[in-house]
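Examining the three-dimensional arrangement
For reference, the chains in residue letters:
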Amino acid sequence: MSAAAHSTSLVVSGLSAGYGETDILQGLDLTVPPGRITAIVGANACGKSTLLRAMSRLIQPRRGQVLLDGKSIHHLPSRQLARQLGLLPQSPIAPEGITVADLVSRGRHPHQGLFSGWTRADDEAVAEALVTTATDGIATRLVDELSGGQRQRVWIAMALAQQTDLLLLDEPTTFLDISHQIEVLDLLTDLNRARGTTIVMVLHDLNLAARYADYLVAMAAGRLHVSGKPEDVLTESNVREVFGLESRVITDPTSGRPLMLPIGRHGMVEAAG
Ligand SMILES: Nc1ncnc2c1ncn2[C@@H]1O[C@H](COP(=O)(O)OP(=O)(O)OP(=O)(O)O)[C@@H](O)[C@H]1O
Ligand SMILES: [Mg+2]
């Protein structure tokens, strides 16, 4: 078992990156707090997935850099990077005809040496990931034939099996019903507490983001708009600036964290009488 001996640091500085000629990220700076849970929020198309791709080397920066423990990720061997940093992309595509157990086993590839084959540690990591995500009961099923929520939990299992110090997850709760959303966020919190795994996740649900994150990052138009403690970031003025939405922010009576109530055009209580 590879308990995190230390918390890996991940720092993004002056990062500009995008697709073709277009820069989506525009000089973005972000220091991910090591050993903590960071949630990234922001409007559709503001560049959240692009940031996660740049942080995991799926796209090259045009300017600036991404530093893992002080070293540019672009100079690290891929296998070493994959042992330290795991990514669950927004819409992952499974190879056709693959079973759940086989897909989750792929999370172990970075751990296989050139000459050493599959080991007991690999078996244990896969079994643990299946149990943790409650996908052990569907281990022999084909991934293609699962429901959206089951499939999402299988991908999370694969990311867990990779046992990295740092885990980047792009909307890990998509397709999940509310109890499975909470279960996934609880299990990521367990992982963070038990192993010191640094978690960075993109979430659309601002209230779940504020509840589970130690550090909340709000992006707008390819830049970091504001970041900090959830109570400093999830405010009525920031919701207005980032999402163009009027809201009330109150204190969640169960967690003490901020709770945002959107005010739509039809959302106001009619005056009595
Ligand atoms: N492969 C690509 N090629 C060209 N443009 C892309 C590509 N992927 C994303 N973009 C563009 O980059 C911008 C940012 O996309 P990105 O996926 O980072 O947004 P996001 O914040 O993750 O949005 P969402 O909340 O909808 O997932 C968008 O304008 C999008 O159209
Ligand atoms: Mg996205």
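Residues numbered from 1 in each chain as written. Chains lettered and ligands numbered in written order. Predicted model: local features only at pLDDT ≥ 70, side-chain atom pairs only at ≥ 80, totals over all residues.

1. Looking at helix H1 (residues 48–55)
Most of H1 is tucked away: 7 of the 8 residues are buried. For H1, the set of buried residues is Lys-48, Thr-50, Leu-51, Leu-52, Arg-53, Ala-54 and Met-55. Immediately downstream of H1, the backbone of Arg-57 shows phi near 70 degrees, a positive value. (Buried ≥ 20, exposed ≤ 12 C-beta atoms within 10 Å, placed from the backbone. Helix = DSSP H or I, 4+ residues; strand = E, 2+ residues; numbered from the N terminus.)

2. As for the pairing of strand S4 (residues 63–68)
With 5 bridges connecting them, strand S1 (residues 10–19) and S4 associate as antiparallel partners. Residue Leu-10 lies in a different strand from S4, and its bridge partner there is Leu-68. The hairpin formed by S4 and strand S5 (residues 71–72) contains 2 residues between the paired strands, and Asp-69 there has a positive phi angle of roughly 45 degrees. (Pairing = 2+ DSSP bridges.)

3. Comments concerning the site of ligand 1
Surrounding ligand 1, one finds Tyr-19, Ile-24, Gly-42, Asn-44, Ala-45, Cys-46, Gly-47, Lys-48, Ser-49, Thr-50 and Gln-90. Sort the elements by how many residues they give to the shell around ligand 1 and H1 lands first, with 3 residues. Looking at the shell around ligand 1 residue by residue, the class counts come to 4 nonpolar, 6 polar and 1 charged. (Near = placed C-beta within 6 Å. Nonpolar A, V, L, I, M, F, W, Y, C, P; charged D, E, K, R; others polar.)

4. A word on unusual backbone geometry
Phi angles above zero are rare outside glycine, and Asp-69 is one such case at about 45 degrees. Position of Asp-69 relative to the elements: it lies in the loop between S4 and S5. Among the residues examined, Asp-69 registers 16 C-beta atoms within 10 Å and is labelled partly exposed. The phi dihedral of Ala-134 is positive, around 55 degrees, even though this residue is not glycine. Assignment of secondary structure puts Ala-134 in the loop between helix H4 (120–132) and helix H5 (148–161).

5. With respect to the sheet that holds S5
Read across the sheet, 4 strands follow the order S2-S1-S4-S5 without closing on themselves; strand pairing throughout is antiparallel. Because the sheet does not close on itself, it has two edges, and the strands there are strand S2 (22–32) and S5. Of the pairings in the sheet, the one linking S1 to S2 comprises 7 bridges and is antiparallel in character. Bridging from a neighbouring strand, Ala-17 pairs with Leu-25 of S2.

6. Quick word on the nonpolar core
Core analysis: the largest hydrophobic core is formed by 70 residues, its most contacted members being Ala-39, Val-104, Ala-157, Leu-168, Ala-209 and Leu-216. With 8 residues, the top contributor of residues to this core is H5. In contact with Ala-39, other than residues within four places in its own chain, are Met-201, Leu-203, Ala-209, Tyr-212, Ala-213 and Leu-216. (Core = buried A, V, L, I, M, F, W, Y, C linked by C-beta atoms within 7 Å. Contact = placed C-beta atoms within 7 Å.)

7. Section: the sheet that holds strand S10 (residues 223–228)
A sheet is described by the order of its strands in space; here 6 strands give the open sequence S6-S7-S8-S3-S9-S10, paired in mixed fashion. A single partner strand is all that each edge strand has here, and the edge strands are strand S6 (85–88) and S10. Between one strand and the next, the sheet's axes are offset by a mean angle of 15 degrees, whatever the strand orientation. (Axes fitted to C-alpha atoms, helices over the stretch in contact; angles between N-to-C directions.)

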